[in-house]
Amino acid sequence: MAKKSTETLVGVFVLLGIIALAFLALKAANLASFSAAKTYTVRARFDNIGGLKKNAPVRSAGVSVGQVTSITLDKNTYQGLVVMKINDTVMFPVDSSAKILTAGLLGDQYVGIEPGSDDKNLANGDLIKQTQSAVVLENLIGQLIFNKAADAGTAATTAPAPGASLAPVQQAASAAASGSNK
Amino acid sequence: MIALVNALGQATLRAFAGLGHAAYFFLDLLRYTPASLRRFGLVVDQIYAIGYRSLTIILASGFAVGCVLALQMYYALVPFGAAESLGLVVNLSLVRELGPVVTALLFAGRAGTALTAEIGLMKAGEQLSAMELMAVDPRSRVLAPRFLAGIVSMPILAILYSAIGILGAWLIAVQLIGVDPANFWSIMQSKVDVMRDIGNGIVKSFVFGVICTGVALYQGYETQATPEGVAYATTRTVVFSSLAVLAMDFILTAMMFSTS
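Small disclaimer: the values here were computed from a predicted structure and weren't measured. (Residues numbered from 1 in each chain as written. Chains lettered and ligands numbered in written order. Predicted model: local features only at pLDDT ≥ 70, side-chain atom pairs only at ≥ 80, totals over all residues.)

1. Let's talk about the overall build of chain A
- When helices and strands are counted, chain A shows 3 helices and 8 strands.
- Secondary structure elements of chain A occur, N-terminal to C-terminal, as α-β-β-β-β-β-β-β-β-α-α.
- Burial statistics for chain A: of 182 residues in total, 23% are counted as buried.
- Taking the contacts inside chain A whose residues are at least 6 apart along the sequence as the reference set, 66% of them involve residues at least 24 apart. (Helix = DSSP H or I, 4+ residues; strand = E, 2+ residues; numbered from the N terminus. Buried ≥ 20, exposed ≤ 12 C-beta atoms within 10 Å, placed from the backbone. Contact = placed C-beta atoms within 7 Å.)

Below you can see the structure in the form of structure tokens.
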């Protein structure tokens, strides 16, 4: 009898280990995401994906609706081709736009989808045509310096108005945002 | 002067002889281990003694470490507005490092000492010699089942440690502090990889199981057959296995996570 209970307790011990492993793998790691709820795949081309990584979240209005499944370089257009899967329960109009955004100041980058107004919805394998690249700080600074130099060249004769030093920053920011908008 | 050089040479030779002795012992242990599968009842008994009865200390320690980790990390992360990555920090530190290492240290203290003392006293009571007289090899009858049980128990204990630690962190972070529960779990699910993080953690604890059990058995088997000898061997078990685990952990971490 003592032998039996020892065996039972060892069985309990091993079972606990298996349950803990299942808990870790499913609840606290990415195993569940392999066989999650039904999804559909959409693609988007970005001029610059910045620091976007595989498995990054796809969000709309801040709500997580999917995941980036792969990032490759499109050999024809030299753009980053981002493939993402989106939960089947969420549908977006075909003229929706995708942006690469950053969570917080230092956070990770994610894909934000802004819904359009078309009647038709995106289907499996569709391409999101309107995209906005990640903001690359170096480009922003480069543009700022360029604008500043251009201003100095043209406005050398006129005295700079107070507060004019802020203008190039805004110009650069809007140029970076609209320049990559396709 | 010559005596000094002589002493140095002697110490070096003794160190290497000890190392070689331990290596041979270890090889013997590996050779006898498969045979102990045939007498699986002995292994089950040992898993009960080594694994199951270590549960209390492992679970209590894992829970406490998880709670404290969540609390301290919360204070550290909030100034950066990064409280949502609390779950990730706790999960990765537990699964990759703290789970295997602290479990191994506790295991050395809880089960390693028991093994050393048990085998040391068997030797002091001449039970091992008696077995040899009866043509039973104590290495296959006594040592090998304990070795196998230690190797099996350690990964299970380490997994339980990590799991209960994450539950403790959840309790503190979500229930007490009020971190968003969806965020807490989803950042783990998006950033923790089953193979790279959990798998490597299990590989680590497996290696630590070999180290801790091997050291404990060696110290017990080679102890001087006196009360002082057993006491000394038990102390050395804890010191040696702890140091070996910490050194090995550094090497394994450098090999496993260098590119991530």
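The rest of the description comes next.
2. Notes on the nonpolar core
- Residues Ala 70, Leu 86, Val 90, Leu 160, Ala 169, Cys 212 and Leu 217 of chain B are the most contacted members of the largest nonpolar core, which totals 78 residues.
- If one sorts the elements of this core by residue count, helix H6 (residues 138–177) of chain B sits on top with 22 residues.
- The contact partners of Leu 217 of chain B, leaving out residues within four places of it in the chain, are Leu 29, Leu 115, Ile 119, Leu 143, Arg 146 and Phe 147 of chain B.
- Counting 20 residues, the second largest nonpolar core, distinct from the first, contains Ile 49, Val 68, Ile 100 and Leu 122 of chain A. (Core = buried A, V, L, I, M, F, W, Y, C linked by C-beta atoms within 7 Å.)

3. Examining the sheet that holds strand E7 (residues 126–128) of chain A
All names here are of chain A.
- What the 8 strands build is an open sheet, ordered E7-E1-E4-E3-E2-E6-E5-E8; its pairing is mixed. Among the strands making up the open sheet, the edge pair consists of E7 and strand E8 (130–132). Shown here is a sheet whose adjacent strand axes are inclined to one another by a mean of 35°, direction ignored.
- Relative to E7, strand E1 (residues 39–46) runs parallel, the two sharing 3 bridges. When the bridges of E7 are listed, Ala 44 appears paired with Ile 128. (Pairing = 2+ DSSP bridges. Axes fitted to C-alpha atoms, helices over the stretch in contact; angles between N-to-C directions.)

4. Looking at the confidence of the model for chain A
- The predicted model of chain A has a mean per-residue pLDDT of 79, with 78% of residues at 70 or higher.
- Across chain A, element-level confidence peaks in strand E4 (residues 80–87) of chain A with a mean pLDDT of 89 and bottoms out in helix H3 (residues 167–179) of chain A with 52. (pLDDT = per-residue confidence, 0-100.)

5. Some remarks on unusual backbone geometry
All names here are of chain B.
- Although it is not a glycine, Glu 126 adopts a positive phi angle of roughly 65°.
- As for its position among the elements, Glu 126 is in the loop between helix H4 (86–124) and helix H5 (127–133).
- The exposed category is assigned to Glu 126, around which 12 C-beta atoms lie within 10 Å.
- The residue Ala 135 is not glycine, and still its phi comes out positive at about 60°.
- Summarising the element assignment, Ala 135 is placed in the loop between H5 and H6.

6. Looking at the interface of chain B and chain A
- Between chain B and chain A, the residue contacts involve 27 residues of the former and 25 residues of the latter.
- For the side of chain B that touches chain A, the secondary-structure elements that each account for two or more residues are helix H2 (40–50), H4, H6, helix H7 (181–191) and helix H8 (194–221) of chain B.
- Looking at the side of chain B that touches chain A, the element that brings in the most residues is H6 of chain B, giving 6 residues.
- Grouping the amino acids of the side of chain B that touches chain A by side-chain chemistry returns 17 nonpolar, 7 polar and 3 charged. (Nonpolar A, V, L, I, M, F, W, Y, C, P; charged D, E, K, R; others polar.)

7. Some words on H7 of chain B
- Turning to H7 of chain B, its buried residues are Phe 184, Met 188, Gln 189 and Ser 190 of chain B.
- Its buried side turned inward, H7 of chain B meets strand E2 (57–60) of chain A together with H4 and H6 of chain B.

8. Regarding the pairing of E2 of chain A
Residues and elements named next belong to chain A.
- The sheet contact formed by E2 and strand E3 (residues 63–73) spans 4 bridges and is antiparallel. Looking at E3, one finds that Val 58 is bridged to Gly 66.
- The hairpin turn running from E2 into E3, its antiparallel successor, is 2 residues long, and Ala 61 in that turn takes a positive phi close to 55°.
- Judged from the 2 bridges that link them, E2 and strand E6 (residues 109–114) form a sheet pairing that is parallel. Across the sheet, residue Arg 59 finds its bridge partner in E6, namely Gly 112.

9. Some words on the packing of H2 of chain B against H6 of chain B
All names here are of chain B.
- Closest axis-to-axis distance for the H2/H6 pair is 8 Å, and the angle between their directions is 55°. Overall, the two elements H2 and H6 adopt an arrangement that is oblique. Our pair here, H2 against H6, has a crossing hand that is right-handed. Counted together, Leu 42, Val 43, Gln 46, Ile 47 and Ile 50 of H2 and Pro 145, Arg 146, Leu 148, Ala 149, Gly 150, Val 152 and Ser 153 of H6 form the full contact between these two elements.
- Here the contact of H2 with H6 is composed, by residue class, of 8 nonpolar, 3 polar and 1 charged. (Parallel < 35°, antiparallel > 145°, perpendicular 65-115°, else oblique. Left-handed = near helix turned anticlockwise from the far one by under 90°.)

10. Topic: the packing of H6 of chain B against H8 of chain B
Residues and elements named next belong to chain B.
- At their nearest, the axes of H6 and H8 sit 8 Å apart, and the two run at 140° to each other. Taken together, the axis directions place H6 and H8 in an arrangement best described as oblique. The chirality of how H6 crosses H8 is right-handed. Along its contact with H6, which presents Leu 143, Arg 146, Phe 147, Gly 150, Ile 151, Met 154, Pro 155, Ala 158, Ile 159 and Ser 162, the element H8 presents Gly 201, Ile 202, Ser 205, Phe 206, Phe 208, Gly 209, Val 210, Cys 212, Thr 213, Gly 214, Leu 217 and Tyr 221.
- When its residues are assigned to classes, the contact of H6 with H8 shows 14 nonpolar, 7 polar and 1 charged.

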